[in-house]
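Structural overview
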Amino acid sequence: DAGITQSPRHKVTETGTPVTLRCHQTENHRYMYWYRQDPGHGLRLIHYSYGVKDTDKGEVSDGYSVSRSKTEDFLLTLESATSSQTSVYFCAISESRDRVYEQYFGPGTRLTVT
Amino acid sequence: GENVEQHPSTLSVQEGDSAVIKCTYSDSASNYFPWYKQELGKRPQLIIDIRSNVGEKKDQRIAVTLNKTAKHFSLHITETQPEDSAVYFCAAGYSTLTFGKGTMLLVSP
């Protein structure tokens, strides 16, 4: 597996509390992504980053914010968690090779909002 | 934006049979079409991919085909084995990917 770690791996939190998930890579890849995975929906892109301080929205960005102050770290924040944000969150990284961006996933974080 | 449809949602085969999973996409700008395998409780793993300038690619028992004109691509697994049982996802895009909803493949001994 690529050098990607996510923390925490599991978290239970209450509705209305802020939550921050961390993705850390040791590959020095330029691109990083946050996805959520829900039954029947596959993987949906939340936000992504194409460099330090460079981020953009994905398909399901409402209620989420991100930050990337270092190449190796990409943070996903739920400002005020809701039950609809209960999901498994995956981080991915990629680098351009021959104009193609192969993505490799981290181990995932299971988040439960009660 | 890109839209990826994947069929079937579930597929049951006997060990040794072939399995085919099909995907369609909408954005003609997509140039990269990877396939991921995800076992229960694990991360998606890239198993094979195809680029827009290639029509077919093989890796042992796995092959992918791409028809850019029709905007569809397929995953073929031959001589299936019980360890092939997993959820398979197709995706399409460029620097970002849009994923299909997945196919649960069950290979019975």
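Before going into details, it helps to say that this report is about the structure given with it. (Residues numbered from 1 in each chain as written. Chains lettered and ligands numbered in written order. Predicted model: local features only at pLDDT ≥ 70, side-chain atom pairs only at ≥ 80, totals over all residues. Heavy atoms only, no water.)

1. Quick look at the overall build of chain B
Short version of the rule: By the criteria applied, helices consist of DSSP H or I runs no shorter than four residues and strands consist of E runs no shorter than two, each listed in order from the N terminus. For every residue, the accessible area obtained with a 1.4 Å probe (protein chains only) is divided by the maximum for its type, and the residue is called buried under 20%, exposed over 50%, and partly exposed between those limits. As used throughout, the charge tally considers Lys and Arg to be positive and Asp and Glu to be negative, leaving His and the chain termini uncounted. The atom standing in for a charge is NZ when the residue is Lys, CZ when it is Arg, CG when it is Asp and CD when it is Glu.
Tallying secondary structure elements over chain B gives 0 helices and 11 strands in all. If you list the helices and strands of chain B from N to C, you get β-β-β-β-β-β-β-β-β-β-β. For the C-alpha atoms alone, the extent of chain B along its principal axes is close to 40 × 25 × 20 Å. By residue count, 44% of the 109 residues in chain B fall in the buried class. If you average the places of the 11 positive and of the 12 negative side-chain charges in chain B, the two averages end up 6 Å apart.

2. A word on the overall build of chain A
Selection criterion: Values of the radius of gyration come from C-alpha atoms, whereas the globule rule sets the reference at 2.2 Å times the count of residues to the power 0.38. By the convention used here, residues are in contact when the closest approach between their heavy atoms is within 4.5 Å. All accessible-area figures derive from a Shrake-Rupley calculation using a 1.4 Å probe, and residue coverage is judged against the displayed protein chains alone.
Within chain A one finds 0 helices and 11 strands. Along chain A, from the amino end to the carboxyl end, the secondary structure elements read β-β-β-β-β-β-β-β-β-β-β. Over its C-alpha trace chain A gives a radius of gyration of 13 Å, about what one expects of a compact globule, namely 13 Å for 114 residues. Taking the principal axes of the C-alpha coordinates as reference, chain A spans close to 45 × 30 × 25 Å. The buried share among the 114 residues of chain A stands at 49%. Once local pairs closer than 6 in sequence are excluded, the contacts in chain A between residues at least 24 apart make up 55%. Entry remark: accessible area of chain A is about 5,400 Å², with carbon and sulfur atoms responsible for 45%. Across chain A, the centroid of the 13 positively charged side chains sits 2 Å from that of the 14 negatively charged ones.

3. Describing the packing of aromatic side chains
Here is the rule we go by: Any pair of Phe, Tyr and Trp rings, taking the six-membered ring for Trp, is counted once the centres come within 6.5 Å. Such a pair is stacked with planes under 30 degrees apart, edge-to-face with planes over 60 apart, and tilted for the rest.
Counting across every chain of the model gives 17 aromatic pairs over all chains. Their ring planes at 90 degrees and their centres at 6.2 Å tell us that F90 of chain A and F105 of chain A sit as a pair that is edge-to-face. Of this pair, F90 of chain A sits in strand β9 (residues 87-97) while F105 of chain A sits in strand β10 (residues 100-105), and the two are 15 residues apart along the sequence. For the pair F90 of chain A and F105 of chain A, a shared accessibility class is recorded, and that class is buried. An aromatic cluster of three or more residues is present, and its members are Y31, Y33, Y35, Y48, Y50, F90, Y101 and F105 of chain A together with Y36, Y94 and F99 of chain B.

4. Structural notes on the sheet that holds strand β6 (residues 56-59) of chain B
Residues and elements named next belong to chain B. Put simply, the test is: Any two strands are treated as partners once DSSP identifies two or more bridges connecting them. Here, axes are lines fitted to C-alpha atoms. For helices the fit covers the stretch in contact, and angles between N-to-C directions go from 0 to 180 degrees.
Here we have 5 strands laid out as an open sheet, ordered β1-β3-β8-β7-β6, and antiparallel in their pairing. Each end of this open sheet is capped by a strand with a single partner; those strands are β1 (4-7) and β6. If you compare each strand with its neighbour and ignore which way they point, the axes differ by 15 degrees on average.

5. Let's talk about the nonpolar core
Residues and elements named next belong to chain B. To keep it simple, the criterion reads: Only buried residues count toward a nonpolar core. Its members are Ala, Val, Leu, Ile, Met, Phe, Trp, Tyr and Cys residues joined through side-chain atoms within 4.5 Å.
Counting residues in each nonpolar core, the largest one holds 23 residues, and the members touching the most others are W35, F73, L75 and L105. Elements with a minimum of two residues in this core: β2 (10-14), β3 (19-25), β4 (32-38), β5 (45-51), β7 (62-67), β8 (72-77), β9 (86-93) and β11 (103-108). Those residues in contact with L105 that lie beyond four places of it in its chain are L11, V13, A19, I77, D84, S85, A86 and Y88.

6. Here's the deal with the environment of A63 of chain B
For A63 of chain B, the location among the structural elements is in strand β7. When the C-alpha atoms of A63 of chain B and Y36 of chain B are compared, they prove to be 13 Å apart, with 27 residues separating the residues in sequence.

Shape descriptors only; they carry no functional weight alone.
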